[in-house]
Amino acid sequence: MSLGDVASYLLSGLASAAILFLVAAGITLVFGGLRIVNVAHGSLYMYGAFIVASPFLALDALGAGAFWLKLALAPVLVGLIGAAVEIVVLRRLYHREHLAQLLATFALFYIFADLAQQIWGTAYRSVGAPAVLSGQVALFDRVFPVYSLFVVAVAVVTGLGLFALLRFTMLGWKVRAAVEDPELLSVTGTDVNAVSTLIFVLGAVLAGLAGAVVAPLQAVSLGMDASILVGAFIVAIVGGLGSIAGAALGAVAIGIFQAFAVVLIPSWSSVVVYLTMILLLAFRPEGLLGRAE
Amino acid sequence: MSSLTRALVIAAALSAAGAAHADTIKIGAPLVMSGPFGSVGKSALEGLQMAVDDINAAGGLLGSQIEVVAADDAGKPATANTVTKAMILNDGVKALFPGSNSAAAVAVEALAGQYEVPALYYSAADISITTTNFNKYAFQLSASTYMDPRAIARYLAKNDFTKVFTLTPDYNFGHSYVTNFLAGMKEAGLTPNVVGEQYPAIGTTDFSSYISAIVAAEPEFVFVGLFGGDLMTFIRQAKGYGLFEKTHVGAPNATDVLETLKGDAPAGMYLWARAPFFSMDRYPEVQKLAARYHDKIGAWPPEWPILAYTAVQIWADAVRRAGTFDAGPVAEALVDHATDTIRGPVAIRDCDHQADAQTYIGRIAATVDERYGFPLLEDLSVIDGGDVRMACDEAVSLQRK
């Protein structure tokens, strides 16, 4: 294995990790903040991708700028959908057992899938990256897509931004307080309902952003909602549900493991992710950076 | 009017209505119309309906009008079983035109054999349909998974590629596709040197590690057996890694790739398909059907409507020659006869009911065709199915197991 090979596998592992992190971050945030396992997170991701891959007549007239506008618009629209979901459906279930909440998000998953078919049909959609991001960078004797570097950059900025938000802002403090002790928080006069909605909306925005950013790398179609879920959930669990830093660590570990596994143990490469998760959870059930309950 | 009289009047009206419909014959179509492969079934249905409309407009079949009963099986065998049984028992369909995947196909095939209804396959292509799961009412009109890769190997033989890397989905189709391709290479006189074999899971969203592995192995040819959304995702990502400049890559589903990726489809890539209308200029009826589809749907057709239309044509022709809709005589009329269809003559052989289906192979052109908005295939070859079918002895012995 040459140096060029190693560098190439590391970079492609990081590119995979970036996507995994963007999706897992929303899952782990919603679980940490609301104790909800949101299966419909995959649907929100898919909607983000469809928004970028669909023609918006008014925007497309702008040519190259249309991609950037749709990239900014997708998380906002998906965030609004998230707000609607939280207020109309999930808020009524916080006092119910976890199973009811899980079933509700499952139901939403199927509803969103059907709705997507009504809105966008069954055909595959394809959207190219803007020219400025479509090039390649040379690395030793290899070539690496600029767009993947862009995805890594988005993931890093998002991760740092989230971390800062939760650690250093009043809003972040409230989110963390809502997780630790909602009753005490409500005594201070904070509207805990509003904080819950905000947490869910933030999760939805992250899902929409992930889908939007990933759209030029995919054939956007129905089924995207399911195919991303398992990998993203594994990353969130390995990292420790509720921990953004854990999701980042888990994503990098799994992304790089898989990149090398594909080359070194091809017949087992698809299993390596699950084996990693099982082994890790056997020794540390709360995940890498999760808190033991 | 007394209640008895009223009842009699209603009964008379109903039976009159029933009599008016006695001349309608129904054909069934369990199709995948939802989920990631929903476009297969939906477009196939258009082809089935057009064929039926044309038959009805020309006076029907044996004096009867034909009606299509379609149902979504979601690509799942259990659902396929339910909807097909309903079609057979409630609607009394005289033939089945399944347009779904191979898993659902097997479920339908069992029912076709059990209830004695001819089933004409044009989308599902697994070899088991004509071998291990075979019964006398199943007919395969497309190139099976045995034939397809052998056709490609023949086409590639002229290039003398030996270092190959395979990338196919991780289930039995993916594995047998590779086995058949390597066997086809040997039959074509090449000695394959497999520098890598990868089996990504269906629904893989991120192929970057696989692509890196392929580039590192420096193959002469990459045999890709992915399809649907996975294939297009792979192509998009592989472009970023410069794969198509470093080596030769080939994949199926030419129509999906070209019509979805359009100008972004990588020039020079090898693609194969069963019925790409834009490579079938020698069949004017196919061009007419494509234009008709485009007028109605607003997009150019994939191969499914053309294959579905042909399937109905073949069945209708057998019915005319048999003089009846009954399954037994129709099944006999279907074999060993070259039917003239919109895509040329199609003949189904007796031992395994496999048609001499063609495979179209070519390379993606560098420029987009103005008529269609996507690049076409150049360096085109049409491999005759008759040359690459499994030997009858082998097929029959597998049927007996």
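None of these values were measured; they are calculated from a predicted model.

> Lay out the overall build of chain A in plain terms, naming residues and giving numbers.
Secondary structure assignment for chain A yields 12 helices and 2 strands. From first element to last, N terminus to C terminus, chain A shows the α and β order α-α-α-α-α-β-β-α-α-α-α-α-α-α. Against the compact-globule benchmark of 19 Å for 293 residues, chain A has a radius of gyration of 19 Å, which places it among compact chains. Structurally, chain A occupies a C-alpha span of about 60 × 55 × 35 Å along its principal axes. Across the 293 residues of chain A, 53% fall into the buried class. Considering only intrachain contacts with a sequence separation of at least 6, the fraction spanning at least 24 residues in chain A is 75%. Counting only carbon and sulfur atoms, one obtains 72% of the accessible surface of chain A, whose full area is about 12700 Å². Of the charged side chains in chain A, 12 are positive and 13 negative, and the gap between their average positions amounts to 4 Å.

> I'd like a rundown of the packing of helix H6 (residues 146-168) of chain A against helix H9 (residues 192-214) of chain A, residues and numbers included.
All names here are of chain A. Between H6 and H9, whose axes approach to 11 Å, the crossing angle comes to 170°. Between H6 and H9, the angle falls in the class roughly antiparallel. For the pair formed by H6 and H9, the contact residues are Tyr147, Val151, Val154, Thr158, Leu162 and Leu165 on the first element and Leu202, Leu206, Leu209 and Val213 on the second. Taken together, the residues that form the contact of H6 with H9 break down as 9 nonpolar, 1 polar and no charged.

> Describe the side chain of threonine 339 of chain B, with residues and values.
All names here are of chain B. Mapped onto the elements, threonine 339 comes out in strand E10 (residues 338-341). Threonine 339 gets classed as buried once you look at its relative accessible area, which sits at 4%. Leaving out residues up to four positions away in the same chain, threonine 339 has contacts with Gln313, Ile314, Asp317, Arg321, Gly344, Pro345 and Val346.

> Got a sec to walk through unusual backbone geometry? Specific residues and values, please.
Residues and elements named next belong to chain B. Even without glycine at this site, glutamate 218 takes up a positive phi of about 50°. With respect to the helices and strands, the residue glutamate 218 is situated in the loop between helix H7 (208-217) and strand E7 (221-224). For glutamate 218, a relative accessible area of 56% puts it in the exposed group.

> Help me get a handle on the interface of chain B and chain A, residues and values and all.
Between chain B and chain A, the contact holds 38 residues from the first and 35 residues from the second. Note on chain B versus chain A: buried area summed over both sides is about 2700 Å², and carbon and sulfur give 51% of it. It is Thr205, Arg236 and Tyr241 of chain B that lose the most area in chain B upon contact with chain A, and together they represent 20% of the buried surface on that side. Taken together, the links from chain B to chain A amount to 0 salt bridges. Taken together, the connections running from chain B to chain A amount to 13 residue pairs in polar contact (both at pLDDT 80 or more).

> I'd like a rundown of the packing of aromatic side chains, residues and numbers included.
All told, the structure shown has 31 aromatic pairs over all chains when counted by the stated rule. With a centroid separation of 5.3 Å and 85° between ring planes, the pair formed by phenylalanine 144 of chain A and tyrosine 241 of chain B is classed as edge-to-face. Taken as a pair, phenylalanine 144 of chain A in strand E2 (residues 142-145) and tyrosine 241 of chain B in the loop between helix H8 (228-240) and helix H9 (243-246) lie in two separate chains rather than in one. Across this residue pair, the class does not change: phenylalanine 144 of chain A and tyrosine 241 of chain B are buried. On the basis of an interplanar angle of 55° and a centroid distance of 6.1 Å, the ring pair of phenylalanine 207 of chain B and tyrosine 210 of chain B is categorised as tilted. Judged by relative accessible area, tyrosine 210 of chain B falls into the buried class, the value being 3%. Linked through ring pairs, Phe37, Tyr155, Phe161, Tyr171, Phe173, Tyr177, Phe181, Phe221, Phe223, Phe227, Tyr270 and Trp272 of chain B together constitute an aromatic cluster.

> An account of the pattern of salt bridges is needed here, citing residue identities and associated values.
Oppositely charged side chains can pair when the atoms bearing their charge come close. All names here are of chain B. Applying the stated criterion across every chain yields a total of 13 salt bridges over all chains. A salt bridge links aspartate 317 to arginine 321; its shortest N-O distance comes to 2.9 Å. Within this pair, aspartate 317 and its partner arginine 321 are both found in helix H12 (residues 303-322), separated by 4 residues, close to a single helical turn. Look at arginine 321 and you get partly exposed, because its relative accessible area is 35%.

> Can you break down the pairing of strand E11 (residues 344-347) of chain B residue by residue, with the values?
All names here are of chain B. Note that E10 and E11 share 4 bridges and pair antiparallel. Paired with aspartate 340 across the bridge in E11 is proline 345. Remark: 2 residues form the turn of the hairpin made by E10 and E11, two consecutive strands paired antiparallel.

> So what's going on with the nonpolar core? Which residues, and what values?
Ile66, Phe97, Tyr122, Phe234, Leu271 and Trp315 of chain B are the most contacted members of the largest nonpolar core, which totals 95 residues. When residues no more than four places from it in sequence are discounted, the contact partners of phenylalanine 97 of chain B are Ile27, Gly28, Ala29, Pro30, Leu31, Leu48, Leu120, Tyr122, Ala311, Val312 and Trp315 of chain B.

> Any details on helix H2 (residues 41-53) of chain A? Residues and values, ideally.
Counted at 1.5 Å a residue, the expected span for H2 of chain A with its 13 residues is 18 Å, and the 19 Å between its end C-alpha atoms agrees. Among the 13 residues that make up H2 of chain A, 13 are buried, leaving the element largely enclosed by the rest of the structure.

> Before we move on, could you go through the environment of valine 93 of chain B and cite the residues and values that matter?
Residue and element names in this part refer to chain B. The residue valine 93 is located in the loop between helix H3 (77-89) and helix H4 (102-115) in this model. Classification of valine 93 by relative accessible area gives buried; the value is 5%. For the pair formed by valine 93 and aspartate 379, sequence separation is 286 residues and the distance between their alpha carbons is 43 Å. Contacts of valine 93, omitting those with residues within four sequence positions, involve Lys26, Ile27, Gly28, Val69, Met87, Ile88 and Val117.

> Outline the state of the cysteines, listing residues and values.
Residues and elements named next belong to chain B. Applying the stated criterion across every chain, the model contains 1 disulfide over all chains. Residue cysteine 351 pairs covalently with cysteine 392 via a disulfide, S to S 1.9 Å. As the torsion about the S-S bond is roughly -80°, the cysteine 351-cysteine 392 disulfide counts as left-handed. Residue cysteine 351 is found in the loop between E11 and strand E12 (359-369), and its partner cysteine 392 is found in helix H14 (residues 392-400); the two are separated by 41 residues along the sequence. For cysteine 351, a relative accessible area of 18% corresponds to the buried category. Among the residues examined, cysteine 392 registers a relative accessible area of 29% and is labelled partly exposed.

> Report on the environment of alanine 245 of chain A, specifying residues and quantitative values.
Residues and elements named next belong to chain A. If you trace the backbone, alanine 245 turns up in helix H11 (residues 244-264). Sequence separation between alanine 245 and leucine 162 is 83 residues; the distance between their C-alpha atoms is 9.5 Å. With near-sequence residues (within four places) excluded, alanine 245 lies in contact with Phe163 and Leu289.

> Account for the pairing of strand E8 (residues 248-251) of chain B, naming residues and giving values.
Along any regular strand, the residues point their side chains to alternate faces of the sheet. All names here are of chain B. Sheet topology note: the E7/E8 ladder contains 3 bridges and is parallel. Opposite phenylalanine 221, over in E8, you have histidine 248 as the bridge partner. Considered for its hand, the β-α-β crossover made up of E8, helix H10 (residues 254-261) and strand E9 (residues 270-273) is right-handed.

> Describe the confidence of the model for chain B, and please don't skip the residues or the numbers.
Residue and element names in this part refer to chain B. Scored by pLDDT, chain B comes out at a mean of 92, with 95% of its residues at no less than 70. Put simply, helix H1 (residues 3-20) is where chain B has its lowest mean pLDDT, 58, and strand E3 (residues 119-121) is where it has its highest, 98. Note on residues 16-21: pLDDT under 50 across the span, and 0 contacts to partners over four residues away in sequence or across chains. The complex model carries a pTM of 0.87, and its ipTM stands at 0.85.

How each quantity is defined
Residues numbered from 1 in each chain as written. Chains lettered and ligands numbered in written order. Predicted model: local features only at pLDDT ≥ 70, side-chain atom pairs only at ≥ 80, totals over all residues. Heavy atoms only, no water. Helix = DSSP H or I, 4+ residues; strand = E, 2+ residues; numbered from the N terminus. Rg over C-alpha atoms; globule rule 2.2 N^0.38 Å. Buried < 20%, exposed > 50% of the residue type's maximum accessible area, 1.4 Å probe, protein only. Contact = heavy atoms within 4.5 Å. Areas by Shrake-Rupley, 256 points an atom, 1.4 Å probe, with all protein chains shown as cover. Lys, Arg positive; Asp, Glu negative; His and termini not counted. Charge placed at Lys NZ, Arg CZ, Asp CG, Glu CD. Axes fitted to C-alpha atoms, helices over the stretch in contact; angles between N-to-C directions. Parallel < 35°, antiparallel > 145°, perpendicular 65-115°, else oblique. Nonpolar A, V, L, I, M, F, W, Y, C, P; charged D, E, K, R; others polar. Buried area = accessible area lost by both parts, 1.4 Å probe. Salt bridge = Lys/Arg side-chain N within 4 Å of Asp/Glu carboxyl O. Polar contact = N/O pair within 3.5 Å; in protein donor to acceptor, adjacent residues only side chain to side chain. Phe/Tyr/Trp six-rings, centres within 6.5 Å; stacked < 30°, edge-to-face > 60°. Pairing = 2+ DSSP bridges. Core = buried A, V, L, I, M, F, W, Y, C linked by side-chain atoms within 4.5 Å. Expected span 1.5 Å × (residues − 1). Disulfide = S-S within 2.5 Å. Right-handed = clockwise from strand over helix to strand, strands pointing away. pLDDT = per-residue confidence, 0-100.

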